[in-house]
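# Close look at the chain arrangement
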Amino acid sequence: MHANPKMTAAGASTAPAPVGNGVVMDCQLQKVFYGDFLAVRDSSLPLEKNKITGFIGPSGCGKSTVLRSLNRMNDLIPAFRFEGKVTYHGQDIYDKKVDPVVVRRYIGMVFQQPNPFAMSIYDNVAFGLRLNGFKGNLDERVEKALQGAACWNEVKDKLKNSGLSLSGGQQQRLCIARAIATEPDVLLMDEPCSALDPIATRRVEELMVELKENYTIALVTHNMQQAMRVADTTAFFGVDISQGSRTGYLVEMGPTKKVFEEPEQQLTREYVRGEFS
Amino acid sequence: MSAPDLAVESNLRALSQQADRRRPSLQRAPLEGRALRSGILTGLTWIAALLAAVPLFSVIYMLFVEGGSRLSWETLTALPPSAFDLGGGFGNAIVGTVVMVGIATLISVPLGILAAVYLAILEPDSRLADTVRFLAKVLTGFPSILAGVFVYAVMVVTMKTYSALAGGVALAVLMLPTVVLAAEQAMAMVPKKMKDAAYGMGCTRTQVILKVVLPTGASGILTGVMLAIAGAAGNSAPLLFTALFSDYYLSSLTEPTASLAILIFNFSGMPYDNQIQLAWAASLVLVLIVLAFNILARLIGRQKY
Ligand SMILES: Nc1ncnc2c1ncn2[C@@H]1O[C@H](COP(=O)(O)OP(=O)(O)OP(=O)(O)O)[C@@H](O)[C@H]1O
Ligand SMILES: [Mg+2]
């Protein structure tokens, strides 16, 4: 397993210390339940600053569950229960004193399905800024976010049009622009390319690689090639069916090249090889 | 014919059938069973649609024919004539209807939208929500005169006077279920992924409702409100017990108040030509007001995005 440098340090330093090129988020998940169903167990994932961490694994192994635990999106599901700790700059985001709404402002999310609001392209991107009471030059920030999401040229002449009038790929990049407009610290992306064609996929991938200069990214993907192309670190999840139930867990995490070429676990080897042969 | 010939023939037929399968005829065959049935059914639905439209158009036609000639500035502004007088109008009834429908809208729309927020978003599966939903559905089919009797007991008796206020409340009782159900439907139709996006941006539940759900559902909500207003404006039964009528312009919300619906009801039963003509004209005005509101609502509520 991947060494976890922050395991002990995290508890010691409670102040949100600025972390250099270290671990921005550290997820030490023990058990995650949906009602009585144990969905994921025992997974420890550090997310390193300015790196893309890819989550791979068979369907139903809990990749989305883990990802959505990282910004407390799962709190919206009444039956959801999280046991463990997710530290963000040293603070446990599951601490009782923490407001999940504030967590989500720092840890942004891009969903599997493009989901722009039923408003103009401009208002979509400005949404988060207005929400946070942004006082500066809105036009400038909207343009910057759209540039950052590589769709400024396509939409600059129709900022007043509906966000829903765009193509699927454009909508997804609009959603990325919306997510980065507020300049969150961490971006969680759940299969952001699954609704896109290969060309749009490539553009979003290039975008992710550019974005990691400024952000820390966690990326769920079903596409092995995509993980190889963009992820610096890869986490492979498996499903444990030994208890008569289907419980996901982290099998192995490490530098992408190593996970794909010389994994430590037999399971990883079989999965990675199976996907390619 | 000899046996080999037969074989050749069937071979040929098989070949031509193969050719048919490769190049099937795509032309219309209107007399074939399937097409014929479809044609007949389409015709029947046309006829049914026309039959359903006949009463509607004949009402509008009659209103214009009978009421159009009396429409003038005088009828729109003057007070109702007494029994044998000529001329006169129903200005006070127009004002009364607009004011009472306005009061009803002010009460029922905020209340209805708040209730719908509860039903559609806050606790959609709670027992209270189920009960409210059931009651609202029952109330949409509620005899409107009962709304009048109810408000009579609650307001007219206690305030010791018929009033525009009581009339407005009675109409609000009538409008409320329509507004609640339409607004709930409109809000429930806002896709979950849009709400998730808002939560993901760091919205509180209140912000999700105010910034995403209500704006996205606005046109549906508005349609429901308009439907409710149209229903309320034309209803005379609840006003009979609450606002009654008045021959003068409205000067206070706590006195009997004229309305178009009651004026039509009163005048159409009178044995005087002048009053009967005015009843027709008032009906036309009522329909035009409702129509104008509907068109306005459509313009405002046109789905922008
Ligand atoms: N809202 C929910 N309520 C109950 N169970 C859920 C819910 N969401 C997910 N699960 C269960 O949790 C397990 C993990 O689901 P999850 O969506 O995290 O898998 P995944 O790895 O993202 O799969 P995929 O690759 O197909 O998206 C599954 O067994 C799923 O049935
Ligand atoms: Mg998933």
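## Things to note about the interface of chain B and chain A
Opposite the 16 residues of chain B that make contact, chain A presents 23 residues. Counting each side, the surface lost to burial between chain B and chain A is near 1800 Å², with a carbon and sulfur contribution of 70%. The interface formed by chain B and chain A includes 0 salt bridges. Scanning the region where chain B abuts chain A turns up 4 residue pairs in polar contact (both at pLDDT 80 or more). Where the side of chain B that touches chain A is concerned, the elements lending two or more residues are α8 (192–200) and α9 (205–233) of chain B.

## Details of the site of ligand 1
Residues and elements named next belong to chain A. Around ligand 1 there are 13 residues in total, and Ser59, Lys63, Ser64, Thr65 and His222 lie nearest to it. Between ligand 1 and Gly60 there is a distance of 2.9 Å, counted from an oxygen atom to a backbone nitrogen or oxygen. Between ligand 1 and Cys61 there is a distance of 3.3 Å, counted from an oxygen atom to a backbone nitrogen or oxygen. Contact with the protein chains covers 64% of the free accessible surface of ligand 1, which is 630 Å². Within the residue set of the shell around ligand 1, elements represented by two or more residues are β2 (37–48) and α2 (63–69). Residue contributions to the shell around ligand 1 peak at 3 residues, all from α2. Looking at side-chain class alone, the shell around ligand 1 contains 5 nonpolar, 6 polar and 2 charged residues.

What counts and how
Residues numbered from 1 in each chain as written. Chains lettered and ligands numbered in written order. Predicted model: local features only at pLDDT ≥ 70, side-chain atom pairs only at ≥ 80, totals over all residues. Heavy atoms only, no water. Contact = heavy atoms within 4.5 Å. Buried area = accessible area lost by both parts, 1.4 Å probe. Salt bridge = Lys/Arg side-chain N within 4 Å of Asp/Glu carboxyl O. Polar contact = N/O pair within 3.5 Å; in protein donor to acceptor, adjacent residues only side chain to side chain. Helix = DSSP H or I, 4+ residues; strand = E, 2+ residues; numbered from the N terminus. Near = heavy atom within 4 Å. Areas by Shrake-Rupley, 256 points an atom, 1.4 Å probe, with all protein chains shown as cover. Nonpolar A, V, L, I, M, F, W, Y, C, P; charged D, E, K, R; others polar.

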